[in-house]
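Coordinate inspection notes
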Amino acid sequence: MSPVKVISQQPPGRRCTLYARYADAIAETLGWSHRIVHDECRDAHGSGFPSLWIRDAAIQPADGVILSPEDIGDFLRQQGVAGEQLDALQARLQAILDDFLENWNPGT
């Protein structure tokens, strides 16, 4: 079982794509495997899409809407990830979120 999992709709929407990009960054930075699971169940941050899981837990967004780099960093810190690895990951995640927000068009 992969330590990092994204539950996504098919085709992926905006948050599903963002969470997949987050998963790529987490896996690359921490050397973990990851996978995308396609599901038809809409259950944001639960058992359906969109959600980002580390081991057996879906990470919950502090704002209740979208995962931030801080949400992921706080969760990983609780899992024992710290130091330069976490700092490097947070910088990558912030760049991903910034790109997402800059290019997000709510009218599409």
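Residues numbered from 1 in each chain as written. Predicted model: local features only at pLDDT ≥ 70, side-chain atom pairs only at ≥ 80, totals over all residues. Heavy atoms only, no water.

Remarks on the overall build of the protein
What counts, and what does not: Helix and strand assignments follow DSSP, with helices taken as H or I runs no shorter than four residues and strands as E runs no shorter than two, numbered in order from the N terminus. As defined in this context, the radius of gyration uses C-alpha atoms, and a globule is described by 2.2 Å times the residue total to the power 0.38. A 1.4 Å probe rolled over the protein chains alone gives each residue an accessible area, and that area as a share of the maximum for its type sets the label: buried under 20%, exposed over 50%, partly exposed in between. Working rule for contacts: check all heavy atoms of both residues, and any pair within 4.5 Å makes them a contact. Per-residue and other accessible areas were derived by the Shrake-Rupley procedure at a 1.4 Å probe size, with only the shown protein chains allowed to occlude residues.
Counting secondary structure elements, the protein contains three helices and four strands. Shown N-terminal to C-terminal, the secondary structure of the protein runs as helices and strands in the order β-α-β-β-β-α-α. Scaling as 2.2 N^0.38, a compact globule of 108 residues should have a C-alpha radius of gyration of about 13 Å, and the protein matches this with 13 Å. Here the C-alpha coordinates of the protein stretch approximately 40 × 30 × 25 Å along the principal axes. Relative to its full complement of 108 residues, the protein shows a buried share of 43%. Partitioning the contacts of the protein with sequence separation of at least 6, the portion at a separation of at least 24 is 63%. Per element, the accessible surface of the protein, about 5800 Å² overall, is 49% carbon and sulfur.

What to know about the pairing of strand β2 (residues 34-38)
The cut-off we apply is this: The pairing criterion is simple: DSSP has to find at least two bridges between the two strands. With the strands aimed away from the viewer, a crossover counts as right-handed if its path from the first strand over the helix to the second runs clockwise.
Relative to β2, strand β1 (residues 4-8) runs parallel, the two sharing five bridges. Paired with V4 across the bridge in β2 is H34. Each parallel crossover has a hand, and the one from β1 via helix α1 (residues 14-30) to β2 is right-handed.

So, the sheet that holds strand β4 (residues 57-58)
In any sheet, the strands associate via hydrogen bonds between backbone groups, in a parallel or an antiparallel arrangement. Put simply, the rule reads: As a rule, the C-alpha atoms of each element are fitted with a line to give its axis, helices using only the stretch in contact, and angles between N-to-C directions run from 0 to 180 degrees.
A sheet is described by the order of its strands in space; here four strands give the open sequence β2-β1-β3-β4, paired in mixed fashion. Looking at which strands have only one partner, the edges of the open sheet turn out to be β2 and β4. Relative to the sheet, α1 contacts β1, β2 and β3 (51-54), its axis offset from that of β1 by approximately 170°.

Remarks on the nonpolar core
Put simply, the rule is: Side-chain atoms within 4.5 Å link the members of a nonpolar core, which is a set of buried Ala, Val, Leu, Ile, Met, Phe, Trp, Tyr and Cys residues.
Core analysis: the largest hydrophobic core is formed by 24 residues, its most contacted members being L18, Y19, Y22, I26, L52, I72 and L76. Of all the secondary-structure elements, those providing two or more residues to this core are β1, α1, β3, α2 (69-78) and α3 (83-103). A total of seven residues in this core trace back to one element, the largest contributor, which is α1. Among residues more than four places away in sequence, those in contact with I72 are Y22, I26, L52, I59 and L93.

Examining the pattern of salt bridges
Keep this limit in mind: Throughout this description, the term salt bridge denotes a Lys or Arg side-chain nitrogen within 4 Å of a carboxyl oxygen of Asp or Glu.
For the coordinates displayed, the defined rule picks out three salt bridges. Between D99 and R21 there is a salt bridge, with the nearest N and O atoms lying 2.9 Å from each other. Placement of D99 in helix α3 and of R21 in helix α1 is noted, with a sequence separation of 78 residues between them. For D99, a relative accessible area of 31% puts it in the partly exposed group. The class for R21 is partly exposed, based on a relative accessible area of 32%. A salt bridge links D74 to R77, with the nearest nitrogen and oxygen atoms 3.0 Å apart.

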